[in-house]
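# Survey of secondary and tertiary structure
Letter by letter, the chains look like this.
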Amino acid sequence: MYFKQFCFNKKELKGKHLIAIGDSLTADSTIGCEKTYPHLIKNKYQFASLKNYAISGTTATYMFKGSNIEKEYTQPDKLHAIDGCRVIDNAIANKEIDNVDVALISYGNNDMFFQVPLDNKKINSNPLSLDNCKSIKAGFRYMINRLRSVNPNMQIIIINIPYSEYDKNADLILDKACL
């Protein structure tokens, strides 16, 4: 693979159709619609349309039984119990991405918060079912495979934050210290 594959030719993208899949940073819940990556990319490269499927609080990884994700998402006040894998499956089932040329996938913040495993060596690295999407790597592979199953020529942009270990209790300690 060489660098040219990662460059965009504005002429090739102008008038094409873009979708975005991700968490709150992509969904515009914090900074306003026009300042999010999907809208900046749409405007810069003059895409004809943008469908933003991002949902605040979601992860790239399927919500699996016994995980921190399940514990968080099954609480009564959590209405968005969904993940990137199922967002793509729903969009495909509804024929909403048949004519999409470019997909922007952006996850990582909630994956880090819920401490989703980066990789699970026991799981097939090329998952064909949601039940095998139990790591960030498997979730991304599943999403990419599903998108490519609809359109093999679709360009895919991945924007991801660096992953690190995160202690949810540290925020609680800090909040109490500030009182």
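For the structure itself, consult the block above.
Residues numbered from 1 in each chain as written. Predicted model: local features only at pLDDT ≥ 70, side-chain atom pairs only at ≥ 80, totals over all residues. Heavy atoms only, no water.

### Describing the packing of aromatic side chains
The test is simple: Here the aromatic set is Phe, Tyr and Trp, taking the six-membered ring for Trp, and pairing holds for ring centres within 6.5 Å; pairs whose planes are under 30 degrees apart are stacked, those over 60 apart are edge-to-face, and all others are tilted. Where helices and strands are cited, they refer to DSSP runs of H or I of at least four residues and of E of at least two residues respectively, numbered from the N terminus. For each residue, the accessible area found with a 1.4 Å probe, counting protein chains only, is set against the maximum for its type, and the residue is called buried under 20%, exposed over 50%, and partly exposed in between. Placement of a charge over a ring requires the Lys NZ or Arg CZ to be within 6 Å of the ring centre, with the centre-to-atom vector within 35 degrees of the ring normal.
Applying the stated criterion to the full structure yields one aromatic pair. Taking 6.5 Å as the distance between ring centres and 80° as the angle between the ring planes, the aromatic pair formed by tyrosine 107 and phenylalanine 140 counts as edge-to-face. One end of the pair, tyrosine 107, is in strand β3 (residues 102-107); the other, phenylalanine 140, is in helix α7 (residues 136-150), and 33 residues separate them in sequence. Here the two residues tyrosine 107 and phenylalanine 140 agree in accessibility, since each one is buried. Over the face of the ring belonging to tyrosine 45 we find lysine 44, whose NZ or CZ atom lies 5.9 Å from the ring centre.

### Details of the packing of helix α5 (residues 84-93) against α7
Note the following rule: Throughout, an axis means a line fitted to C-alpha atoms (over the contacting stretch in the case of helices), and angles, computed between N-to-C directions, take values from 0 to 180 degrees. Any angle between 65 and 115 degrees counts as roughly perpendicular, while under 35 counts as roughly parallel, over 145 as roughly antiparallel, and the rest as oblique. Crossings are assigned a handedness: left-handed for a near helix turned anticlockwise from the far helix by less than a right angle, right-handed for a clockwise turn. Throughout, a contact is declared for two residues whenever any of their heavy atoms are within 4.5 Å.
Packing of α5 against α7 leaves a shortest axis separation of 9 Å and a crossing angle of 15°. The pairing of α5 with α7 is recorded here as roughly parallel in orientation. When you trace α5 past α7, the crossing you get is left-handed. Taking contact as the criterion, the partners of Gly84, Cys85, Ile88, Asp89 and Ile92 in α5 are, on α7, Gly139, Tyr142, Met143, Arg146, Leu147 and Val150.

### Comments concerning the nonpolar core
Going by this rule: To define a nonpolar core, start from buried Ala, Val, Leu, Ile, Met, Phe, Trp, Tyr and Cys residues and group those joined through side-chain atoms within 4.5 Å.
In this structure, Ile19, Ile21, Ile97, Met143 and Leu147 are the most contacted members of the largest nonpolar core, which totals 27 residues. The set of elements that each furnish at least two residues to this core consists of β1 (17-22), α5, β3 and α7. Residues within four places of leucine 147 in sequence aside, it is in contact with Ile19, Ile88, Ile92, Ile97, Ala103, Ile105, Met154 and Ile156. Counting ten residues, the second largest nonpolar core, distinct from the first, contains Ile41, Phe47, Leu50 and Ile157.

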